[in-house]
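Next come the chains, spelled out residue by residue.
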Amino acid sequence: MIVSAVPIQDETSVMRIILLGQPGCGKGTQAQRLVAAYHIPKLITGDMLRGAVEEGSALGKMADTYMRRGELLPDDIILSLMRERLSAPDCRRGYILDGFPRTIAQANGLDALMAAEGVPLDHVLLFEVPDAESRKRLRTRRTVEHRLDDIDDTVLHRLDVYRRATLPLVKFYEERSLVRRIPATGSMDEVHRHICSVIDGS
Ligand code: AMP
C-alpha cells in the first residue's frame, strides 16, 4: 500500500466524502483545500442556507430563524435541498459534503439518494478537536466573519445539538468501516497532509 502526503487522484478520479465534526473543528477550511487537491466540488449546507438567507427566499426566511437559534432545520427540507444539489452535473465525479448529513434521518436519506444513483460513499472523515479549541476558533471566526450563530450561548447550544443529533452518525458509518479519524488540532497544512494520506493510502 502506498501512503502519499501529496494527492495522487487525477482529473478522472471519482470520490465521495463526508466531513464530520463539531462546529469549529476546521472542516470548512479543509473542504476548500480538498476542492483544490481533488477537483471535486464542496457542498456546504451551512453556506447554501446562508446564501438563501441573503437572497431573502422563502427557504432563507425559514432557515434564518433556525440558524440564529443554532437549531437544525427539518430533515425533509435539507433532504430536498440536497437531492437537487446532488443531481447537478458537477457532482458526477464526486463531492465533499460538509454539514450534511447531520442526523440519522439525513444519513438514511443520503443512502437512498446514492443507491438510486448507484454510487458508493468512499470516506467519512471525522475531525477530532477538544471543545475548548473549537470554541476558541469560533470566537476568532466571529470577529472575522460576524456570524450571528457564533455568539457564546448559541455555540454551546450548537455543540450540544452536535452531540445529540450528529454524533450518532459516527457509529452509523463505523458499522460500514467508512470512518477515518483525523486529529484536527495541528496546523492547516498538517491536517491537510494527514487527510490526503488517508484518502490516497486507502
Ligand atoms: P454550519 O455552517 O454547518 O455550522 O451550519 C449553520 C447552521 O445551518 C446550523 O446551525 C443549522 O441551523 C443549519 N444547518 C446546516 N446544515 C444543516 C443540516 N444538514 N441539517 C439541518 N440544519 C443545518
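The shown structure was predicted, so the numbers you read here are calculated from the model rather than taken from an experiment.

S.K.: Please clarify how the site of the ligand should be interpreted in this entry.
M.R.: By nearness alone, 15 residues border the ligand, and Thr 45, Glu 71, Gly 99, Arg 102 and Gln 106 come closest of all. Between the ligand and the protein, one listed contact pairs a nitrogen atom with a side-chain N or O atom of Thr 45 at 2.8 Å. One nitrogen or oxygen atom from the side chain of Arg 147 is found 3.3 Å from an oxygen atom belonging to the ligand. In isolation the ligand exposes 480 Å². Once the protein is present, 95% of that is buried. The element best represented in the shell around the ligand is helix α2 (residues 45-55), accounting for 4 residues. In the shell around the ligand, the residues fall into 5 nonpolar, 4 polar and 6 charged.

S.K.: Explain the nonpolar core to me, please; I cannot follow it from the model alone.
M.R.: As a rule of thumb, soluble globular proteins bury nonpolar side chains together. With 30 residues, the main nonpolar core has Leu 86, Leu 97, Leu 110, Val 124 and Tyr 173 as its most contacted residues. Where this core is concerned, the elements lending two or more residues are β1 (15-20), α3 (58-69), α4 (75-86), β3 (94-98), α5 (104-117), β4 (123-128) and α8 (168-174). Considering each element in turn, this core owes the most residues, 5 residues, to α4. In contact with Tyr 173, not counting residues within four places along its chain, are Ile 18, Pro 101, Ala 107, Leu 110, Leu 121, Val 124, Leu 178 and Val 179. Counting 20 residues, the second-largest nonpolar core is a separate cluster that includes Leu 19, Cys 25, Ile 96 and Val 198.

S.K.: In this structure, what is going on with the pairing of β3? I would like to understand it.
M.R.: In terms of burial, β3 is largely enclosed, as 5 of its 5 residues are buried. The side-chain alternation of β3 yields two buried faces, one formed by Gly 94, Ile 96 and Asp 98 and the other by Tyr 95 and Leu 97. Here β1 runs beside β3; their pairing, made up of 5 bridges, is parallel. Note on β3: the bridge partner recorded for Leu 19 is Asp 98. Strand direction decides the pairing type here: strand β2 (residues 42-44) and β3, joined by 3 bridges, are parallel. Across the sheet, residue Lys 42 finds its bridge partner in β3, namely Ile 96.

S.K.: Just to check I follow, could you spell out α3 for this structure?
M.R.: An α-helical turn contains 3.6 residues, so a residue and the one three or four places further along point in the same direction. Along α3, the residues that are buried comprise Gly 60, Ala 63 and Met 67. Taken down its axis, α3 places every buried residue within 65 degrees of arc, on the same side. Away from the buried face of α3 by more than 90 degrees, exposed residues Ala 58 and Lys 61 are located. In this fold, the buried residues of α3 make contact with α2. Gly 70 lies just past α3 and shows a positive phi near 75 degrees.

Criteria and cut-off values
- Residues numbered from 1 in each chain as written.
- Predicted model: local features only at pLDDT ≥ 70, side-chain atom pairs only at ≥ 80, totals over all residues.
- Heavy atoms only, no water.
- Near = heavy atom within 4 Å.
- Polar contact = N/O pair within 3.5 Å; in protein donor to acceptor, adjacent residues only side chain to side chain.
- Areas by Shrake-Rupley, 256 points an atom, 1.4 Å probe, with all protein chains shown as cover.
- Helix = DSSP H or I, 4+ residues; strand = E, 2+ residues; numbered from the N terminus.
- Nonpolar A, V, L, I, M, F, W, Y, C, P; charged D, E, K, R; others polar.
- Core = buried A, V, L, I, M, F, W, Y, C linked by side-chain atoms within 4.5 Å.
- Buried < 20%, exposed > 50% of the residue type's maximum accessible area, 1.4 Å probe, protein only.
- Contact = heavy atoms within 4.5 Å.
- Pairing = 2+ DSSP bridges.
- Arc of directions from axis to C-beta.

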